[in-house]
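Per-entry structural report
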Amino acid sequence: MRKRGSKRCGIAAALSLSALLVAGAGGAQAAEEGEALFNQHCAVCHQPGGVGAPGLAPALASLLGKRVSAPGGREYLPRVLLGGLSGAIVAGGEKFNGMMLPFPQLHDEQLAALSHYLLGTLNKDTLAADFAPLTAADFAAWRGKPASSAENRKLRTQLDAAGQ
Ligand code: HEC
């Protein structure tokens, strides 16, 4: 009995290892696709590399890692990308009071790829080491019932207070 159990364990471990390897390779590919999507849809405001533009759109590089790593922070990108963000914010010491429109035209896999680039590349320095990459399912959960842009700003304030 015991022998059989440990054999099963071995098989399960091998399977999850190969799943991890596949996920790892997929992650690199997703980040590349994510960069292309970012340049196509986001860089016009947030600028290439997410460095931001004063008065137009906040910097995203290095400024998102801590916020999304706070408790409840996994929801932040899915909610902003599917529900938008509006109202006065301060990002990197700059004030903004604009409107970030949602991107429901991008499908869940594209939004996941975009987030791999945003978090895994542009926010590698500030993201928690144990942050599991966002998946299409994280975005699917908010599609069709997006939070409002004003609610998302409240979440932003809460996450920043929690992350202090
Ligand atoms: C038309 C300009 C514009 C485009 C295009 C745009 N954004 Fe934004 N984005 C903004 C503005 C303006 C804000 C800040 C809203 C505010 O002042 O409340 C913002 C805020 C954000 C935030 C929150 C930043 C923070 O400090 O919490 C994220 C994340 C974000 N955008 C990601 C993206 C991504 C990803 C894309 C591309 C899919 C994108 N944006 C495209 C204008 C834009």
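Counting starts from 1 at the beginning of each chain's written sequence and moves along it residue by residue. Per-residue local features of the predicted model are confined to residues with pLDDT of at least 70, and side-chain atom pairs are confined, for both listing and counting, to 80 or more; whole-chain, interface and lining totals are unaffected and use all residues. Calculation of side-chain values draws on the structure's entire complement of heavy atoms; hydrogens and water are dropped beforehand.

In the annotation of an unreviewed UniProt entry, the protein is listed under the name Mono/diheme cytochrome c family protein and assigned to Azoarcus indigens.

To continue, consider the pattern of salt bridges. For salt bridges, the criterion is a side-chain nitrogen of Lys or Arg within 4 Å of an Asp or Glu carboxyl oxygen. Counting across every chain of the model gives 5 salt bridges. In this structure, Asp138 engages Arg74 in a salt bridge whose closest nitrogen and oxygen atoms are separated by 3.0 Å. Residue Asp138 is found in helix α6 (residues 136-140), and its partner Arg74 is found in the loop between α3 (65-69) and α4 (76-83); the two are separated by 64 residues along the sequence. We note a salt bridge from Glu75 to Arg79, for which the minimum N-O separation is 3.3 Å. Secondary structure is summarised from DSSP: a helix means a run of H or I of at least four residues, a strand means a run of E of at least two, and numbering begins at the N terminus for each.

Here the focus is the site of the ligand. Being near a molecule or strand, for a residue, comes down to having at least one heavy atom within 4 Å of it. Cys42, Cys45, His46, Tyr76 and Met100 are the nearest of the 27 residues found near the ligand. In protein, a polar contact requires one atom able to donate a hydrogen and another able to accept it; more generally it is a pair of N or O atoms within 3.5 Å, and residues adjacent in sequence count only if both atoms are side-chain atoms. Between the ligand and the protein, one listed contact pairs an oxygen atom with a backbone N or O atom of Gly98 at 2.8 Å. Here Arg156 contributes a side-chain N or O atom positioned 2.8 Å from an oxygen atom of the ligand. Of all elements in the fold, only α2 (43-46), α4, β1 (85-91), β2 (94-100) and α5 (108-121) reach the threshold of two or more residues within the shell around the ligand.

Listed donor atoms are N, O and S within 2.8 Å of the metal (Na, K and Ca: 3.2 Å). As water is not included, a site may look incomplete. Around the iron atom of the ligand, the protein contributes the donor atoms His46 (NE2) and Met100 (SD), which lie 2.0 to 2.1 Å from the metal centre. Each label reflects the angles at the metal, where four donors whose angles all fall between 85 and 135 degrees are tetrahedral, four or six donors whose opposite pairs open beyond 155 degrees and whose other angles stay between 65 and 115 are square planar or octahedral respectively, and the rest are irregular. For the iron atom of the ligand, the 6 donor atoms in the first shell make angles of 86 to 180° at the metal, so the coordination geometry reads as octahedral. One end of the pair, His46, is in helix α2; the other, Met100, is in strand β2, and 54 residues separate them in sequence. Given the relative accessible area of 9%, His46 is considered buried. Only protein chains enter the accessibility calculation, which uses a 1.4 Å probe; a residue is then buried when its area is under 20% of its type maximum, exposed when over 50%, and partly exposed in between.

As a further point, take the nonpolar core. Note on terminology: a nonpolar core comprises buried Ala, Val, Leu, Ile, Met, Phe, Trp, Tyr and Cys residues joined through side-chain atoms within 4.5 Å. Ranked by size, the top nonpolar core spans 36 residues in total, and within it Phe38, Tyr76 and Leu119 carry the most contacts. Breaking this core down by element, the ones donating at least two residues are α1 (2-41), α4, β1, α5 and α7 (149-162). The element contributing the most residues to this core is α5, with 7 residues. Contact definition: two residues touch when any of their heavy atoms are within 4.5 Å. Not counting chain neighbours up to four residues away, the residues in contact with Tyr76 comprise Leu64, Arg67, Val68, Leu85, Asn152, Leu155, Arg156 and Leu159.

Direction vectors running N to C along α4 and α5 enclose 125°, while the axes themselves pass 11 Å from each other. One finds that α4 runs oblique with respect to α5. Crossing handedness for the pair α4 and α5: right-handed. On α5, the residues touching Leu77, Leu81 and Leu82 of α4 are Leu111, Ser115, Leu118 and Leu119. Ten residues, namely Ala, Val, Leu, Ile, Met, Phe, Trp, Tyr, Cys and Pro, are considered nonpolar, four, namely Asp, Glu, Lys and Arg, are considered charged, and the remaining ones, Gly among them, are considered polar. Grouping the constituent residues of the contact of α4 with α5 by class yields 6 nonpolar, 1 polar and no charged. Each axis is a line fitted through C-alpha atoms, and for a helix only the stretch in contact is used; angles between axes span 0 to 180 degrees, taken between their N-to-C directions. The labels follow the angle: roughly parallel below 35 degrees, roughly antiparallel above 145, roughly perpendicular from 65 to 115, and oblique for the rest. In this scheme, a crossing is called left-handed if the near helix is turned counterclockwise away from the far one by less than a right angle; it is called right-handed if the turn is clockwise.

Moving on: the confidence of the model for the protein. Confidence scores per residue from the predictor, reported as pLDDT, run from 0 to 100. The predicted model of the protein averages 88 in pLDDT, with 83% of residues at 70 or higher. Segment residues 17-25: pLDDT under 50, and 0 contacts once partners within four positions in sequence are set aside and those in other chains are kept.

Let us look at the packing of α4 against α7. Where α4 meets α7, the closest approach of the two axes is 9 Å, and the angle between their N-to-C directions is 155°. One way to sum up the angle between α4 and α7 is to call them roughly antiparallel. α7 is crossed by α4, and the crossing has left-handed handedness. Taking contact as the criterion, the partners of Tyr76, Arg79, Val80 and Gly83 in α4 are, on α7, Ser149, Glu151, Asn152, Leu155, Arg156 and Leu159. For the contact of α4 with α7, the class distribution of residues is 4 nonpolar, 3 polar and 3 charged.

What follows deals with the environment of Met100. For Met100 and Gly87, which are 13 residues apart along the polypeptide, the C-alpha to C-alpha distance reads 9.4 Å. Ignoring anything within four residues of it in the chain, the contact list for Met100 reads His46, Val80, Leu81, Gly84 and Leu85.

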